[in-house]
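# Chain and residue survey
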Amino acid sequence: MKNEKDNARRRSLGRYVVLGFMLCIGFILGWYAVVRLSSPWTVVKSITLPQFVAESSQMPICTLKVGCYNIAHGRGGQFEAKNWDGGSRTDKIARLKKIGKLLSEEHLEIVVLNEVDFASVWSGHIDQARVIAEEGGYPYIVQQRNIDIAIPFVSLRFGNVILSKYPMTEATFLDYPNPSEVVELFTGGYKEGLVATIALPDSSQIRVAAVHLCVSSEPIRIASAEMLLEAQRQSVLPMILMGDFNAAPTGYPEHQTDKNGRNAIDLLLESQQVGTKLPGVPVSPEALTFPSERPAQIIDWIFSSSVWKIEKMRVIRTPLSDHLPVMALLAKTQKP
């Protein structure tokens, strides 16, 4: 009799354990589903830091200092390091503050950042864009998520960022083609894009695209470049393209082409809609941007439309990421 009661209690306990497990799984999957379903409405987010907002000015803007930087999730400059690397949470915050200070010391007015964590478990759920903006004194932030996954206590949210000294409006998500529609469905994206309108102090406006193109496929990079050109054609405003293009033009180190011999950077240049400052071939070591420890490629670029001409472009030497930041001085050549 006693054995029968013990067996019954064990069976009952087993059912409760299974039920509890199923409820936990259901709760986790429900949380994940809510995040994925809501992602289209949160994929682009604008933030203003009031403490850094300057008084408006009507001074003419004849030059702009801009830059781009793939910050590699704040893990530092070690090549092929994992996103979990980079030291403690305190170490990563200190590194992010150094990045913000670097941008400030270079007097960059508009910056595109790639591989920025907004709330990711591997970087201690730090809003890296906010840390950099606060240290650099940037009042306006637009975040765009490439990956948006969350379950209780664990999230992976990261993507591209535009930081600006000037107000930003009309931030638009660019849904590039990618290697896997399944991956896009379950994670929120792969390498996507962002375009925002920036109001300059003299009441003129520009469009800035945060660019991070596919690492594995030149055909996808070409299709993405075509989307950027189409976005530029559809706007009456001048446009600046900045970021990690994962591509180099024909004749440059490790350039790639599709089966028809086309190349994403060549496509942008041949369009004559945007231009950049190309270093000579062979490329000087000072112009190479990746990897930062031993630069061998130039894959981080700044392009501008004819209204804003690139007067100077420089790669900044720093060990804060496995990419090197690029800055450019733009000069206004004509009214838009």
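Structural data are supplied above this passage.
Here is a short report on the structure shown in this document. Quick caveat: nothing in here was measured; it's all calculated off a predicted structure.

### Describing the pattern of salt bridges
- Under the defined criterion, the tally for this structure stands at 10 salt bridges.
- Ionic pairing is found between R130 and E134, a salt bridge with its closest N-O pair at 3.3 Å. With R130 and E134 both in helix α3 (residues 128-136), this residue pair falls 4 residues apart, about one helical turn.
- Since its relative accessible area comes to 34%, E134 is described here as partly exposed.
- Across the pair R145 and D148 runs a salt bridge whose closest N-O atoms are separated by 3.0 Å.
- In this structure R145 comes out as buried when scored by relative accessible area, which is 13%.
- Judged by its relative accessible area of 1%, D148 falls in the buried class.
- Several salt bridges converge on common partners, so that one network encompasses R145, D148 and R157.

### Concerning unusual backbone geometry
- Look at the link from V281 to P282: it is a cis peptide, with omega at 0°.
- Positionally, P282 belongs in the loop between β10 (274-275) and β11 (300-305).
- Here F290 and P291 are connected by a cis peptide whose omega angle stands at -15°.
- Mapping P291 onto the fold places it in the loop between β10 and β11.
- Phi is positive for E170, which is not a glycine, with a value near 50°.

### Quick word on the packing of helix α2 (residues 89-105) against α3
- At a closest axis distance of 7 Å, the pairing of α2 and α3 adopts a crossing angle of 45°. By the angle between their axes, α2 is oblique relative to α3. Judged by the sense of rotation from one axis to the other, the crossing of α2 with α3 is right-handed. Counted together, I93, L96, K97, I99, G100, K101, L103 and S104 of α2 and Q128, V131, I132, E135 and G136 of α3 form the full contact between these two elements.

### Thoughts on the nonpolar core
- Counting residues in each nonpolar core, the largest one holds 29 residues, and the members touching the most others are L64, I110, I162, I206, V208, M242 and I302.
- Aside from chain neighbours lying at most four places away, what touches I206 is L64, I110, A196, T197, I198, L200, P238, I240 and W308.

### Some thoughts on the sheet that holds β11
- Spatially, 6 strands are ordered β6-β7-β8-β9-β11-β10 in an open sheet, and the strand pairing comes out mixed. A strand with exactly one partner marks an edge of an open sheet, and here the two such strands are β6 (168-174) and β10.
- Pairing of strand β7 (residues 193-199) with strand β8 (residues 205-212) involves 6 bridges; the strand directions are antiparallel. Each bridged residue has a counterpart across the sheet, and for I198 the counterpart in β8 is I206.
- Strand contacts of helix α5 (residues 218-233): β6, β8, β9 (239-244), β10 and β11, with the helix running at about 160° to β9, the strand carrying the most contacts.
- In the packing of helix α6 (residues 264-271) onto the sheet, contacts are made with β9, β10 and β11, and the angle to β11 comes to roughly 15°.

Reading guide: rules and limits
Residues numbered from 1 in each chain as written. Predicted model: local features only at pLDDT ≥ 70, side-chain atom pairs only at ≥ 80, totals over all residues. Heavy atoms only, no water. Salt bridge = Lys/Arg side-chain N within 4 Å of Asp/Glu carboxyl O. Helix = DSSP H or I, 4+ residues; strand = E, 2+ residues; numbered from the N terminus. Buried < 20%, exposed > 50% of the residue type's maximum accessible area, 1.4 Å probe, protein only. Axes fitted to C-alpha atoms, helices over the stretch in contact; angles between N-to-C directions. Parallel < 35°, antiparallel > 145°, perpendicular 65-115°, else oblique. Left-handed = near helix turned anticlockwise from the far one by under 90°. Contact = heavy atoms within 4.5 Å. Core = buried A, V, L, I, M, F, W, Y, C linked by side-chain atoms within 4.5 Å. Pairing = 2+ DSSP bridges.

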